[in-house]
Each structure stands twice: as structure tokens, then as C-alpha cells.
Amino acid sequence: MNIALKITSCLSILLALFLIYTCVDELQGNMSVSDISFLPLLILIVVVSNAVFALLLLIGKKKPQREFLILQIFIIIPTGLLLYQILFNSTISCT
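The notes below deal with the structure included here. (Residues numbered from 1 in each chain as written. Predicted model: local features only at pLDDT ≥ 70, side-chain atom pairs only at ≥ 80, totals over all residues. Heavy atoms only, no water.)

## A closer look at the environment of A54
With respect to the helices and strands, the residue A54 is situated in helix α2 (residues 38-59). The exposure class assigned to A54 is buried, which follows from its relative accessible area of 0%. With 14 residues separating them in the primary sequence, A54 and F68 have C-alpha atoms 8.9 Å apart. Other than its neighbours up to four places away in sequence, A54 contacts S9, S12, I13, F68 and Q72. (Helix = DSSP H or I, 4+ residues; strand = E, 2+ residues; numbered from the N terminus. Buried < 20%, exposed > 50% of the residue type's maximum accessible area, 1.4 Å probe, protein only. Contact = heavy atoms within 4.5 Å.)

Structure, rendered in C-alpha cells:
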């Protein structure tokens, strides 16, 4: 279980960084932060908070728990699908 937590934590951090990069890249146009819809903003907050908890787990500030592994898996799967759609479908975006 310890190895699975480390793998999902690293994956959570990578997905969060990539999602932030994608959103910032889209905001560099003539858009402002107020143009972002509520749902993508909520998803971004959930993914970033998951990445912060994963970072805390990796540096040892938080002890490993099975529930956290299950929560990470339920966050990683839809986030991975969302990023896949953003990359390979030009009509879907963060905003």
C-alpha cells in the first residue's frame, strides 16, 4: 500500500501541475479570471488540494491512510480524462 500511495501521490502532483499550466496558458489570451466558469474552477481547487495533500504525504508530514489512496484514485481518473479531452479535443477548455 505504501508504494501505491507514493505512485498516486506523484501522479496527483503531476496532473495538478499540468492542469494549472493548461489553465494559465488559456488565460494568457484576452481573458480574465472572472471569465472562468464555476465548475472548472471547482475542479481546479479539488485537484490542487489533492496535490497539496499528496505533497504532504510524500514529505512525511501526513501519515499514509487507505482512505486517502481511494480518494486520490477517484480524483486522478476524472482528472486524467479531463486533461486527455483538453489535449486532444480542441473544443474543450478550462474556461
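This is not the end of the story, as more comes after the structure.
## Here's the deal with helix α1 (residues 2-27)
Its 26 residues give α1 an end-to-end C-alpha distance of 38 Å, which sits within 8% of 38 Å, the value for a rise of 1.5 Å per residue. Listed in full, the buried residues belonging to α1 are L5, T8, S9, S12, I13, L15, A16, L19, T22, C23 and E26. Elements that come into contact with the buried residues of α1 comprise α2 and α3 (66-88). (Expected span 1.5 Å × (residues − 1).)

## Focus on α2
Between its terminal C-alpha atoms α2 stretches 32 Å, which fits the 32 Å expected from 22 residues at 1.5 Å a residue. Every buried residue of α2 is accounted for by L44, V47, N50, A51, A54 and L57. Buried residues in α2, looked at end-on, bunch into an arc of 145°, giving them a common side. Among the exposed residues of α2, those pointing more than 90 degrees away from its buried face are F38, I45 and I59. (Arc of directions from axis to C-beta.)

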